[in-house]
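# Descriptive structure summary
One-letter residues, chain by chain:
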Amino acid sequence: MAGNGMKYAFFLGCTTPVRVMQYEAATRKVAAKLGIELVDLPDFGCCGFPTEKVSHDAFLALAARNLAVAEEKGLDVCTMCTACAGALTKVVHELKDEKKRKHINEMIKSTGRQVKGTVKVYHISRVLFEKVGIEKLKAAITKPMNMLSIAPHEGCHYTAPHEIFDGFDDPIRPKTLKALIEATGAKVVDYMNYRQCCGGDLLAVGEQTPTDMVHEKFDNVKRSGADAMVLQCPFCDIMYDEFQKTVEEKYGTEYKIPVLFLPQLIGMAMGMGQKELGLTKNAVKTKGLCEKAGVQK
Amino acid sequence: MASDEVVEVEKLDRDFKYEIAKEPGSEKIMHCFQCGTCTAACPVSAKKESFNPRRIIHMALMGMREEVLGDEFVWYCSGCYACQERCPQGVNITYLMTAIRNIAYRSGKGLPAYREVVKKIAAKGWLNEIGEFDNEMRQKMGLPIIEQKSDEPDKVLKASGAKKLSGGE
């Protein structure tokens, strides 16, 4: 949708607003400071992603219903979760096909809504990169984080499948998250196998495989010498932040790698405090990191 | 199935590949030439040998319908697209895994855990319930209160047939 500047329907998703409220708090604060207007729409519900394994149709219908809600308000959508962003973007893509559009509208008819597929869906990091832009972001930084080395983790659905994201970033060698981290003054470190998936989607099947995946990730991050990981997806965060202690206990190791959301790092670089950015809510203690970066309480 | 078992030709369902090819995004399954790039790229295969996308596709192409739908390995795809983004034949492998799982549910198989996911979303409109305690916490953090509404997601889940597949009406 054109002509609405940086004003978006804010799609919270299922996980962020209940399990990682600090991500939402930091996102709202940073967005407000950069002139991004986030509008809450109470009619939003599940994006559809969790149902796709059972039924592709269920996924299409749930996602399309949310798109219809945004369309009625004439607003593009902004999400914090890469899975929500991926799911909703995928269905916007599917709606371009007239036959599919008809089929989808048939499924959501009973809600009294119809969908055209005219809204665009953005992950918050994409808004920061494409709409705010690196230069404007840099200009808003008052407290460069140049004392920090950061290990980035994009989350798979931020860039893949590539054909639905119309050329935004590269799934195999993504650049935008790194550029956003560097805009805060922090140094981005490379680490082995850094595109490895968090494995969060496998928790319902069994803990062993995702635990093994996360363990390898931590080993690689630790060896890179990074002060922290920076993510942009609540599912990845559950695996790397909430789950870190479990992995440490299981393998008898100690990582203590602080895990930040991108807006928390940006907020730190804008001079915001620990409480304001919800840094005290992160599972792995961020106190040492905040001391190193001189972030006030 | 164990790898030392002989494949019995008469038990193969040669239509299985066509059944999969009809599913959205899986049209190109027969383009697979078994190079194994998918398995080499797969972060799950690296940790769990029994999950091998190349092998699953080969079994599907051979018509081993019961083995593919009945075994636990198809549930080990994490949906990361590492395979799909690298497939030299343009097979949408991640979509294909979804297609196989969808067929499993329609055949009365499939992991019970994801049926519960659908039921939860039908009941609450969201995967996670936001209770009074969560809203109190949200208020303390300066976040708006969320009132979850379920009627519309429930309606579309019914219309999509997923509610029925999950054991609801």
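Think of each chain on its own: its residues are numbered from 1, step by step along the sequence as written. Just so you know, chain letters begin at A and ligand numbers begin at 1, following the order they were written in. pLDDT decides what is reported in this predicted model: residues at 70 or higher carry local features, side-chain atom pairs at 80 or more are listed and counted, and totals for whole chains, interfaces and linings draw on all residues regardless.

With that out of the way, let us pick up the overall build of chain A. Segments assigned H or I by DSSP are reported as helices when at least four residues long, segments assigned E as strands when at least two residues long, and all are numbered from the N terminus. Scanning chain A from N- to C-terminus turns up 13 helices and eight strands. A radius of gyration in this sense is built from C-alpha atoms; the matching globule rule multiplies 2.2 Å by the number of residues raised to 0.38. Taken over C-alpha atoms, the radius of gyration comes to 19 Å for chain A, in line with the 19 Å a tight globule of 297 residues would show. Taking the principal axes of its C-alpha atoms as reference, chain A extends roughly 55 × 45 × 30 Å. By sequence separation, contacts in chain A at least 24 residues apart represent 79% of the contacts at least 6 residues apart. Our contact criterion uses C-beta atoms placed from the backbone: two residues qualify when those atoms are within 7 Å.

All names here are of chain B. Note that Glu19 resides in helix α1 (residues 16-21). A count of 18 C-beta atoms within 10 Å places Glu19 in the partly exposed class. Sequence spacing of Glu19 and Tyr81 is 62 residues, and the spatial spacing of their C-alpha atoms is 22 Å. We call a residue exposed when 12 or fewer other C-beta atoms sit within 10 Å of its C-beta, buried when the count reaches 20 or more, and partly exposed for counts in between; the C-beta positions come from the backbone.

This part covers unusual backbone geometry. In the segment running from Ala160(A) into Pro161(A), the intervening peptide bond is cis, with an omega of 0°. Residue Asn193(A) is not a glycine yet carries a positive backbone phi of 55°. If you trace the backbone, Asn193(A) turns up in the loop between β6 (187-188) and α9 (208-224). A positive phi angle, near 65°, is found at Gln34(B), a position not held by glycine. Positionally, Gln34(B) belongs in the loop between α1 and α2 (37-41).

Moving on to the domain arrangement of chain B. Where each domain starts and ends comes from a domain assignment, either automatic or drawn from a database. For chain B, the assigned domains are domain 1 (9-106) and domain 2 (112-165). The gap between the C-alpha centroids of domain 1 of chain B and domain 2 of chain B is 31 Å.

Another aspect to go through is the interface of chain B and chain A. Contacts between the two partners involve 52 residues from chain B and, on the opposite side, 46 residues from chain A. Among the secondary structure elements, those contributing two or more residues to the side of chain B that touches chain A are α5 (93-106), α6 (112-124), α7 (132-140), α8 (151-160) and α9 (162-165) of chain B. For the side of chain B that touches chain A, the element with the most residues is α8(B), which contributes seven residues. Classifying every residue of the side of chain B that touches chain A gives 29 nonpolar, twelve polar and eleven charged. Amino acid classes used here: Ala, Val, Leu, Ile, Met, Phe, Trp, Tyr, Cys and Pro are nonpolar; Asp, Glu, Lys and Arg are charged; the rest, including Gly, are polar.

With that settled, the discussion passes to the pairing of strand β1 (residues 7-11) of chain A. Residue and element names in this part refer to chain A. Counting buried residues along β1, four of its five residues qualify, which places the element largely inside the surrounding structure. Note: two strands are recorded as paired if DSSP finds a minimum of 2 bridges between them. Relative to strand β3 (residues 76-79), β1 runs parallel, the two sharing four bridges. Counted as the bridge partner of Tyr8 is Asp76 from β3.

We now examine the sheet that holds β6(A). Strand pairing in a sheet takes place through backbone hydrogen bonds and is either antiparallel or parallel in direction. The four strands are arranged β6-β5-β7-β8 (chain A) in an open sheet whose pairing can be described as parallel. Of all strands in the sheet, those bounded by a partner on one side alone are β6 and β8 (259-261) of chain A.

Moving on to the sheet that holds β3(A). Residues and elements named next belong to chain A. Strand order across the open sheet formed by four strands is β2-β1-β3-β4, with parallel pairing between neighbours. Whereas interior strands pair on both sides, the edge strands pair on one side only; in this sheet they are β2 (37-40) and β4 (121-123). Put simply, the sheet's adjacent strands are angled 40° from each other on average, direction ignored. This element, helix α4 (residues 82-94), spans β1, β3 and β4 of the sheet and lies at about 160° to β4. Every angle, taken between N-to-C directions, lies between 0 and 180 degrees, and every axis is a line fitted to C-alpha atoms, over only the stretch in contact when it is a helix.

Another point: the pairing of strand β5 (residues 149-152) of chain A. Residues and elements named next belong to chain A. Bridge count between β5 and β6: two bridges; the pairing is parallel. Among the inter-strand pairings, Ile150 is bridged to a residue of β6, identified as Val188. Pairing of β5 with strand β7 (residues 228-231) involves three bridges; the strand directions are parallel. Residue pairing for β7: Pro152 is matched across the bridge by Val230.

We now examine the domain arrangement of chain A. Residue and element names in this part refer to chain A. With domains assigned, chain A is organised as domain 1 (7-124) and domain 2 (143-293). A straight line from the C-alpha centre of domain 1 to that of domain 2 covers 24 Å. Contacts between the two partners involve 25 residues from domain 1, matched on the other side by 24 residues from domain 2. Those elements that place two or more of their residues in the side of domain 1 that touches domain 2 are α1 (16-19), α2 (21-33) and α4. Tallying contributions element by element places α2 first for the side of domain 1 that touches domain 2, with nine residues. Here the side of domain 1 that touches domain 2 is built from residues that sort into eleven nonpolar, ten polar and four charged.

Of all ten residues in α8(B), seven are buried; the element is thus mostly enclosed. Looking at α8(B), one finds that the buried residues are Glu152(B), Pro153(B), Asp154(B), Lys155(B), Val156(B), Leu157(B) and Ser160(B).

With that settled, the discussion passes to the packing of α6(B) against α8(B). Residues and elements named next belong to chain B. Close contact between α6 and α8 brings their axes to 6 Å; oriented N to C, the two are set at 135°. When the interaxial angle is binned, α6 and α8 end up oblique. When α6 is examined against α8, the residues Val118, Ile121 and Ala122 are found in contact with a partner set consisting of Pro153, Asp154 and Leu157. Of the residues belonging to the contact of α6 with α8, the class tally is five nonpolar, no polar and one charged. Each angle receives one of four descriptions, namely roughly parallel if under 35 degrees, roughly antiparallel if over 145, roughly perpendicular if within 65 to 115, and oblique otherwise.

Below, the discussion takes up the packing of helix α6 (residues 124-132) of chain A against helix α8 (residues 176-183) of chain A. All names here are of chain A. Look at α6 against α8: their axes get within 10 Å of each other, and the N-to-C directions meet at 70°. Here α8 runs roughly perpendicular to α6, going by the angle between their axes. Across the interface between the two elements, Ser125, Leu128 and Phe129 from α6 touch Thr176, Leu177, Ala179 and Leu180 from α8. In terms of residue class, the contact of α6 with α8 is built from five nonpolar, two polar and no charged.

This brings us to the environment of Asp227(A). Residue and element names in this part refer to chain A. Within the secondary structure layout, Asp227 lies in the loop between α9 and β7. For Asp227 and Met147, which are 80 residues apart along the polypeptide, the C-alpha to C-alpha distance reads 9.3 Å. Non-local contacts of Asp227, meaning those with residues more than four positions away in its chain, are made with Leu148, Ser149, Ile150, Leu289 and Lys292.

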